[in-house]
Amino acid sequence: MNDTKSKPALPDRFSGNPRSPHHIAEIFEYEVGIRFNGKERFDVEEYCISEGWVKVAAHKALDRRGNPLLVTKKGTVEAFYR
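None of the values given here were measured: they were computed from a predicted structure.

Engineer: I'd like a rundown of the nonpolar core, residues and numbers included.
Structural biologist: Residues Phe-14, Ile-27, Ile-34, Phe-36, Val-44, Tyr-47, Val-54, Val-56 and Val-77 constitute the largest nonpolar core, which totals nine residues. Looking at this core, the elements that each hand over two or more residues are β2 (32-36), β4 (44-48) and β5 (53-62). Residues within four places of Phe-36 in sequence aside, it is in contact with Arg-41, Val-54, Lys-73, Lys-74, Gly-75, Thr-76 and Val-77.

Written as C-alpha cells, this is what we have:
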C-alpha cells in the first residue's frame, strides 16, 4: 500500500464546524489527534496551538441555534496525525 497523496500540514488554528472560517475539509480525510496538557482528548471542537487553547462541548448545553455550547480551556496543545 503506497499512499501517493501526501497529508496536508496541520494548521495553527482549526475548527470542526463547517461554517467556521478555520474549517479545512481536506484534513477530515485523515484521523487527527489532539494532545492537551499531555493527555489525548477526543472531544475537541476547535483548537489554536499558538494561543494554547481548545474548545470542547459543555455536556448537554445548547446555544440558541441548537449547537453545542463550547467551553474554552487553556494549556499546551499539540495536533498530530494518527
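Engineer: Requested: an account of the confidence of the model for the protein, with residues and values cited.
Structural biologist: Do not read the predicted coordinates in detail wherever pLDDT is low. Residues of the protein with pLDDT of at least 70 account for 95%, and the chain-wide mean is 90. Model confidence for the protein, summarised as mean pLDDT per element, is weakest for β5 at 93 and strongest for strand β3 (residues 39-41) at 95.

Engineer: Give a description of the environment of Glu-51 that names residues and reports values.
Structural biologist: Residue placement: Glu-51 occurs in the loop between β4 and β5. Between the C-alpha atom of Glu-51 and that of Tyr-30, which follows or precedes it by 21 residues, the distance is 24 Å. A polar side-chain atom of Glu-51 sits 2.7 Å from a polar atom in the side chain of Trp-53.

Engineer: So, the sheet that holds strand β7 (residues 77-81): which residues are in play, and what are the values?
Structural biologist: Spatially, the three strands line up as an open sheet ordered β3-β2-β7, and their pairing is antiparallel. Because the sheet does not close on itself, it has two edges, and the strands there are β3 and β7. When strand polarity is set aside, the average angle formed by the axes of neighbouring strands in this sheet is 35°. When β2 meets β3, the two strands line up antiparallel, connected through three bridges. Considered in β3, the bridge of Phe-36 is made with Lys-39.

Engineer: Give me the sheet that holds β5: which residues, what numbers.
Structural biologist: Here four strands make up an open sheet; going across it, the order is β1-β4-β5-β6 and the pairing antiparallel. The sheet terminates laterally at β1 (13-15) and β6 (68-74), the two strands that pair on one side only. In this sheet, adjacent strand axes meet at a mean angle of 25° when their direction is disregarded. As defined by bridge partners, β1 adjoins β4 across three bridges and the pair is classed as antiparallel. Pairing of Ser-15 across the sheet is with Glu-46, part of β4.

Rules and cut-offs
- Residues numbered from 1 in each chain as written.
- Predicted model: local features only at pLDDT ≥ 70, side-chain atom pairs only at ≥ 80, totals over all residues.
- Heavy atoms only, no water.
- Core = buried A, V, L, I, M, F, W, Y, C linked by side-chain atoms within 4.5 Å.
- Buried < 20%, exposed > 50% of the residue type's maximum accessible area, 1.4 Å probe, protein only.
- Helix = DSSP H or I, 4+ residues; strand = E, 2+ residues; numbered from the N terminus.
- Contact = heavy atoms within 4.5 Å.
- pLDDT = per-residue confidence, 0-100.
- Polar contact = N/O pair within 3.5 Å; in protein donor to acceptor, adjacent residues only side chain to side chain.
- Pairing = 2+ DSSP bridges.
- Axes fitted to C-alpha atoms, helices over the stretch in contact; angles between N-to-C directions.

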